[in-house]
Amino acid sequence: AQSVTQPDIHITVSEGASLELRCNYSYGATPYLFWYVQSPGQGLQLLLKYFSGDTLVQGIKGFEAEFKRSQSSFNLRKPSVHWSDAAEYFCAVGVGLTGGGNKLTFGTGTQLKVEL
Amino acid sequence: ETGVTQTPRHLVMGMTNKKSLKCEQHLGHNAMYWYKQSAKKPLELMFVYSLEERVENNSVPSRFSPECPNSSHLFLHLHTLQPEDSALYLCASSQEASGGLFAQYFGPGTRLTVT
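Residues numbered from 1 in each chain as written. Chains lettered and ligands numbered in written order. Predicted model: local features only at pLDDT ≥ 70, side-chain atom pairs only at ≥ 80, totals over all residues. Heavy atoms only, no water.

Quick look at the pairing of strand β4 (residues 31–37) of chain B
Residues and elements named next belong to chain B. As a reminder, the rule being used: For every residue, the accessible area obtained with a 1.4 Å probe (protein chains only) is divided by the maximum for its type, and the residue is called buried under 20%, exposed over 50%, and partly exposed between those limits. By definition, any uninterrupted DSSP run of H or I lasting at least four residues is a helix, any uninterrupted run of E lasting at least two residues is a strand, and each is numbered from the N terminus. Only strands that DSSP links by at least two bridges are regarded as paired with each other.
The buried count for β4 comes to seven of seven residues, which makes it a mostly enclosed element. Neither face of β4 is open: one carries Ala-31, Tyr-33, Tyr-35 and Gln-37, the other Met-32, Trp-34 and Lys-36, and all of them are buried. The pairing of β4 with strand β5 (residues 44–50) spans six bridges and is antiparallel. Its bridge partner lying in β5, Tyr-35 is registered against Leu-45. Where β4 folds back onto β5 in an antiparallel hairpin, the turn is made up of six residues, including Lys-40, whose phi is positive at roughly 65 degrees. Looking at chain direction, β4 and strand β9 (residues 87–94) are connected through seven bridges and run antiparallel. Within the sheet, the bridge partner assigned to Tyr-33 lies in β9 and is Ala-92.

See the structure below:
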């Protein structure tokens, strides 16, 4: 079965500093990987996804992530954090279901705090 | 309306009540999902519907009963809930096609409190 580990529960960065959120996955085949962001009281917003091809993927809001098969990692990065980026970030791995649809397995999330 | 909408946004119910959560997607997708998000726990997949057929029931207690009347609407009927069922319930949708796996798009959630 697939699993996702986000080793950092909380991260604090200063506004304007760079950011890297870690994600490690466990899956036997080529993974479908996602990063989502959740603001308080809101649903999850898709930041970016990796299915195949270029291992560096660009997303919305200036985020990018790099897939490294050898390290089973899919870390999220942003070169300069804005105060509005404060939220909880979730990494997920997806697998297709036999009857249709897909199943996402999420990590426990990383809470990002931005200091002004 | 755009994206995925959920009503109500907040719900307080007693353990003997019956209520329903509603989800509607305006994205033309053909798969819909219910997730439960509890404090300090990972998001848990509850149910998956593809082309209006249930394809996954992730060991969810029978006090939760899903219904998918068409590809745009998904309901979660609740009855005889327990306090530990208090959580944020999220609906999502995706467009599925053979040979591919596509991202899920989430609604804002319903915050459920069971008293």
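Let's talk about the interface of chain B and chain A
To keep it simple, the criterion reads: Contact criterion: two residues are considered in contact whenever any of their non-hydrogen atoms come within 4.5 Å of each other. Reported buried area values correspond to the accessible surface (1.4 Å probe) lost by two parts on association, with both partners' losses combined. Whenever a carboxyl oxygen of Asp or Glu lies within 4 Å of a side-chain nitrogen of Lys or Arg, that contact is scored as a salt bridge. Whenever a nitrogen or oxygen atom comes within 3.5 Å of another N or O atom, the pair is scored as a polar contact, on the condition that within protein one atom can donate a hydrogen and the other can accept it, and that pairs from neighbouring residues in sequence are kept only if both atoms are in side chains. As a working rule, the residues Ala, Val, Leu, Ile, Met, Phe, Trp, Tyr, Cys and Pro are called nonpolar, Asp, Glu, Lys and Arg charged, and the rest polar, with Gly in that last group.
At the junction of the two partners, chain B supplies 25 residues and chain A supplies 25 residues. The contact between chain B and chain A buries some 1,900 Å² in all, and 61% of this surface belongs to carbon and sulfur atoms. Along the contact surface separating chain B from chain A lie one salt bridge. B:Glu56 is the partner of A:Lys103 in a salt bridge, and the nearest nitrogen-oxygen pair spans 3.8 Å. Viewed at the interface, chain A and chain B are joined by eight residue pairs in polar contact (both at pLDDT 80 or more). Residue assignment for the side of chain B that touches chain A shows that the elements contributing at least two residues are β4, β5, β6 (53–57), β9 and β10 (105–106) of chain B. Sort the elements by how many residues they give to the side of chain B that touches chain A and β4(B) lands first, with four residues. Per-class residue counts for the side of chain B that touches chain A are 16 nonpolar, six polar and three charged.

Describing unusual backbone geometry
Note the cis peptide between B:Thr7 and B:Pro8, where omega equals -10 degrees. Secondary-structure assignment places B:Pro8 in the loop between β1 (4–7) and β2 (10–13). Of note, the phi angle at A:Lys61 is positive, near 60 degrees, even though the residue is not glycine. Mapped onto the elements, A:Lys61 comes out in the loop between β7 (56–58) and β8 (64–68). We classify A:Lys61 as partly exposed; its relative accessible area is 45%. Despite not being glycine, A:Ser72 shows a phi value in the positive range, around 50 degrees. With respect to the helices and strands, A:Ser72 occurs in the loop between β8 and β9 (73–78).

Focus on the state of the cysteines
Residue and element names in this part refer to chain B. Heads up, the rule is: In this description, the term disulfide denotes a pair of cysteine sulfurs within 2.5 Å.
Overall, the coordinates contain two disulfides over all chains when judged by the stated rule. The disulfide partner of Cys-23 is Cys-91, and the gap between their sulfur atoms is 1.9 Å. Its S-S torsion of approximately -75 degrees makes the covalent link between Cys-23 and Cys-91 left-handed. You can see Cys-23 sitting in strand β3 (residues 18–25) and its partner Cys-91 sitting in strand β9, a full 68 residues away along the chain. Each member of the pair, Cys-23 as well as Cys-91, carries the same accessibility label: buried.

Some words on the sheet that holds strand β8 (residues 73–79) of chain B
Residues and elements named next belong to chain B. Spelled out, the test is: To define axes, lines are fitted to C-alpha atoms, for helices over the stretch in contact only, and angles between the resulting N-to-C directions are given on a 0 to 180 degree scale.
Strand order in the open sheet made by the four strands is β1-β3-β8-β7, with antiparallel pairing throughout. Single-partner strands in this sheet number two, and they are β1 and β7 (64–70). Strand after strand, the sheet turns through a mean of 20 degrees between neighbouring axes, direction not considered. As judged from the four bridges shared by β1 and β3, these two strands associate in the antiparallel manner. Counterpart to Thr-5 in the pairing with β3 is Glu-24.

Let's talk about the pattern of salt bridges
Residue and element names in this part refer to chain A. Taken as a whole and assessed by the stated rule, the structure comprises seven salt bridges over all chains. Here Asp-8 and Arg-22 are joined by a salt bridge, their closest N and O atoms 2.9 Å apart. Highlighted residues: Asp-8 in the loop between β1 (3–5) and β2 (10–14) and Arg-22 in the loop between β3 (19–21) and β4 (24–26), separated in sequence by 14 residues. For Asp-8, a relative accessible area of 18% corresponds to the buried category.

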